[in-house]
Amino acid sequence: MVSTVSKASVATKRLLLGRPFRSDTLGHTLLPKRIALPVFASDAMSSVAYAPQEIFLVLSVAGLSAMTLAPWIALAVAVVMAVVVASYRQNVHAYPSGGGDYEVATVNLGSNAGLVVGSALLVDYVLTVAVSISSAAENIGSALPFVHEHRVWFCVAAIVVLAAVNLRGIKESGSVLAIPTYAFIFGVIAMLLWGVIEIFVLGKDVRAETADFGIRAENTHLAGIAFIFLVARAFSSGSAALTGVEAISNGVPAFRKPKSRNAATTLLMLGTIAIILLLGIVMLAERIGAKYVSDPARDLIGAPPGYQQEALIAQLAQAVFESFPFGFYFVAVATALILMLAANTAFNGFPVLGSVLAQDRFLPRQLHTRGDRLAFSNGIIFLAVAAIAFVVAFGGEVTALIQLYIVGVFVSFTLSQAGMVRHWTRLLRTETDPRARRRMMQSRIINSVGLVMTATVLVVVLITKFTAGAWIAILAMVILFVLMKLIHHHYASVQRELERVEAEDEQVLPSRTHSIVLVSTLHMATKRALLYARATRPDVLEAITVNVDDRDTRILVSQWEESDITVPLKVIASPYREITRPVIEYVRRVRREHPRDVITVFIPEYVVGHWWEQILHNQSALRLKTRLLFEPGVMVTSVPWQLTSSDRRRDDLEYNAPGDTRRALGGQ
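Residues numbered from 1 in each chain as written. Predicted model: local features only at pLDDT ≥ 70, side-chain atom pairs only at ≥ 80, totals over all residues. Heavy atoms only, no water.

Caption draft 1: Inspection of the overall build of the protein at higher detail. A count of helical and extended segments in the protein gives 25 helices and seven strands. Counting only residues that meet the buried cut, the protein has 50% of its 668 residues in that class. A sequence separation of at least 24 residues applies to 81% of the contacts in the protein between residues at least 6 apart. (Helix = DSSP H or I, 4+ residues; strand = E, 2+ residues; numbered from the N terminus. Buried < 20%, exposed > 50% of the residue type's maximum accessible area, 1.4 Å probe, protein only. Contact = heavy atoms within 4.5 Å.)

Now the structure itself:
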């Protein structure tokens, strides 16, 4: 039965994840630019899908007159994006190892700055998954009431499926996600081009379905600081379009060679497409009178009763493709898919960053290793669990989750650019070649402009979103920062302790070995433990039993004396019928009498084939081992005895070693 269950679990794993990859095939999993673009652009593209909507949503507070500011705010966001893209192109060339912002900040600003960046990015990756999946559920739920009613369960299922896809490997997940990403880019660009042709070439009056509605503004007399605050808040909401830009700098090792050049080219393509789509969507929406408010029933004047407001990009597609329904459905489906799959960027960025942090001993070492498919499986699973926790905690509400978003990414942007400025300044001190100095000075100017802009946006985001929920993200970053410091301190302490113990062991060697075999009953498991202990050739070998029942102890002593066993048996009294404490006290007494001896305790154990059998056996042995492991100078050895339920000899007969068939040893 165990064999069958084991085979079934392996078969299921292979079915879901595929066959394992050898370590020397890692090069075949690297990404060409055509696959790397959708892998790392899905987050940025999804941000472009909802960032314009957030701009219109914030401006709706001030009424129709404020809507005219949307193109200018989008232009400001586009300028910041262009500067950030240019800055990160310098990053991938200077630091192609995959550490990204974390490495830049650590090398140039110190370990604490690097940890701030690391904690900010890890939190932001988790929120990327939570926000993207929740946004997709909201869009799909507007068409399918069942999804809306079970939004949280839909989000959890989507995260699990996406994690499973990424566990198959980065190249495989990229191939799956390339189609919806390119479909979204093609669909939106086609929509924008066709809209421009209809309006400016054909002279057609293209109007959104919300164009004739008015807006009931919460305050139409905003002026001075209040108006500036409103514009700043709209700008900070639109800055969500920048999320995902940093992912490529963390994922440079996933590219084919030349890695840094391919990463920089992909980053340029991503930035160019994102800027075109962002400006195009906002300007077209403003031109055709599209509106988006928080509560349609209350804020839209002239809307019919029960009016269901569509997403901004859906309003554009419906207006532009009024006579071509397939175009509308194509854009709607592509948008829903890109929102759902945007989390894939985080599933590629988080595990790589987690691996780098684990290598530096700031996270558990398990996050550093690759799984069967050469993906960082533990990091993928950890990200999925953390994202599910956020989705469940906030009920899958995009409006609530979006307030926590983008704080972390702009923290990393700012510290990364500050680190790059210092990087170029340090290199300029020693560089003498005029051409190299000129390139470095140009790069420093680019990163300096990026530092000023990202720092300004960070301040705006903190001011406008702190009380709305950004404080939760900041608190999570602080907790993660402290946790990583504690993990690093633990690993460093263990390393120092092991080095010190190693030095002591080289000076003081054990004088003798003292072996003790625990006995409860004289049977084959006990005899095997005695034989194995004798095979280790100890200086002293003895058997001990604990007297918890006088009758059983007398029978055991009688059987021992009648057998041909030459090892002496000692009976330890236990007036309170305990087993663990008397054994511990006896071992400590031996240790005190012979402080330079190494004591080895041999414990016979049953190997069972069913989980319920484990409950019936080995409980005393488990408790005893747990206590003995804390005793200095004491080694614990388990001597297994396989019961019939665990017998796997049939499987061994079915296994043919290499060359068995040639030697007539294999099966027919």
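Caption draft 2: Quick peek at the environment of Val546. Locating Val546 in the fold gives a position in strand β4 (residues 540-547). Classification of Val546 as buried rests on a relative accessible area of 13%. Separated by 25 residues in sequence, Val546 and Val571 have C-alpha atoms that sit 5.8 Å apart. In this structure Val546 touches Thr553, Ile572, Ser574, Glu578, Ile579, Pro582 and Val583, once residues within four positions along its chain are discounted.

Caption draft 3: View of the sheet that holds strand β3 (residues 513-518). Spatial ordering of the open sheet is given by β5-β4-β3-β6-β7, a layout of five strands whose pairing is parallel. Strands with a single pairing partner mark the edges of an open sheet, and in this sheet they are β5 (569-573) and β7 (634-642). Between one strand axis and the next, the sheet turns through 30 degrees on average, direction left out of account. Bridge count for strand β6 (residues 598-607) against β7 is nine bridges, and the pairing is parallel. Residue pairing for β7: Pro604 is matched across the bridge by Val639. Contacting β3, β4, β5, β6 and β7, helix α22 (residues 580-593) runs over the sheet at an angle of about 150 degrees to β4. (Pairing = 2+ DSSP bridges. Axes fitted to C-alpha atoms, helices over the stretch in contact; angles between N-to-C directions.)

Caption draft 4: Representation of the packing of helix α7 (residues 151-167) against helix α15 (residues 343-359) within the structure. Look at α7 against α15: their axes get within 10 Å of each other, and the N-to-C directions meet at 50 degrees. When the axes of α7 and α15 are compared, the pair comes out oblique. Of the two possible hands of crossing, α7 and α15 adopt the one that is right-handed. Contacts from Ile159, Leu162, Ala163 and Asn166 of α7 reach α15 at Ala343, Asn344, Phe347 and Asn348. Among the residues forming the contact of α7 with α15, the class breakdown is five nonpolar, three polar and no charged. (Parallel < 35°, antiparallel > 145°, perpendicular 65-115°, else oblique. Left-handed = near helix turned anticlockwise from the far one by under 90°. Nonpolar A, V, L, I, M, F, W, Y, C, P; charged D, E, K, R; others polar.)

Caption draft 5: Broad picture of the packing of aromatic side chains. In total, this model carries 10 aromatic pairs according to the counting rule given. Ring centres 6.1 Å apart and planes at 65 degrees place the aromatic pair Phe321 and Phe324 in the edge-to-face group. The partly exposed category is assigned to Phe324, whose relative accessible area is 44%. Arranged with centres 6.3 Å apart and planes meeting at 10 degrees, the rings of Phe390 and Phe394 form a pair that is stacked. A residue is classified by how much of its surface remains accessible, and Phe394, at 22% relative accessible area, is partly exposed. Here the aromatic residues Phe186, Phe321, Phe324, Phe326 and Phe330 are joined through ring pairs into a cluster of three or more. (Phe/Tyr/Trp six-rings, centres within 6.5 Å; stacked < 30°, edge-to-face > 60°.)

Caption draft 6: Expanded view of the pattern of salt bridges. This structure, assessed with the given rule, holds eight salt bridges. We note a salt bridge from Asp597 to Arg512, for which the minimum N-O separation is 3.1 Å. One end of the pair, Asp597, is in the loop between α22 and β6; the other, Arg512, is in the loop between α19 (434-507) and β3, and 85 residues separate them in sequence. For Asp597, a relative accessible area of 3% gives the class buried. Accessibility expressed as a relative area gives 29% for Arg512, which makes it partly exposed. Among the salt bridges present, the one from Glu605 reaches Lys625, with a minimum N-O distance of 2.8 Å. Taken together, the positions of Glu605 in strand β6 and Lys625 in helix α24 (residues 619-628) put the pair 20 residues apart, joining distant regions of the chain. (Salt bridge = Lys/Arg side-chain N within 4 Å of Asp/Glu carboxyl O.)

Caption draft 7: Looking closely at the environment of Phe350. Checked against the element boundaries, Phe350 lands in helix α15. Between the C-alpha atom of Phe350 and that of Gly118, which follows or precedes it by 232 residues, the distance is 9.9 Å. Beyond its immediate stretch of four places on either side in the chain, Phe350 contacts Leu122, Tyr125, Val126, Gly379, Phe382 and Leu383.

Caption draft 8: Representation of the nonpolar core in the model. Of all hydrophobic cores here, the largest spans 155 residues; its most connected members are Met45, Met191 and Phe347. Ignoring sequence-local partners within four residues, the contact set of Met191 consists of Ile313, Leu316, Ala317, Val320, Phe321 and Val331. Residues Ile516, Val587, Val590 and Val634 belong to the second largest nonpolar core, which totals 17 residues. (Core = buried A, V, L, I, M, F, W, Y, C linked by side-chain atoms within 4.5 Å.)

Caption draft 9: The confidence of the model for the protein, seen in detail. For the protein, per-residue confidence averages 80 on the pLDDT scale, and 84% of positions sit at 70 or higher. Here helix α25 (residues 649-654) stands out as the least confident element of the protein, with mean pLDDT 45; β4 is the most confident, with 92. When the criterion is pLDDT under 50, residues 21-28 qualifies, and its contacts beyond four places in sequence or with other chains add up to 11 contacts. Note on residues 652-668: pLDDT under 50 across the span, and seven contacts to partners over four residues away in sequence or across chains. (pLDDT = per-residue confidence, 0-100.)

Caption draft 10: Local environment of a nonpolar patch on the surface. Where nonpolar side chains cluster on the molecular surface, the patch consists of Trp194, Val196, Ile197, Phe200, Val201 and Leu202 and spans about 610 Å² of accessible area. Topologically, Val201 is positioned in helix α8 (residues 170-201). (Patch = residues over 30% accessible without salt bridge, like charges linked within 9 Å, V, L, I, M, F, W, Y side chains within 5 Å. Areas by Shrake-Rupley, 256 points an atom, 1.4 Å probe, with all protein chains shown as cover.)

Caption draft 11: Region of the structure containing the side chain of Thr335. Residue placement: Thr335 occurs in helix α14 (residues 325-341). There is a polar contact of 2.7 Å between the side chain of Thr335 and the backbone oxygen of Val331. Sequence-distant contacts of Thr335, defined by excluding residues within four places in its chain, comprise Ala49, Phe184 and Ile313. (Polar contact = N/O pair within 3.5 Å; in protein donor to acceptor, adjacent residues only side chain to side chain.)

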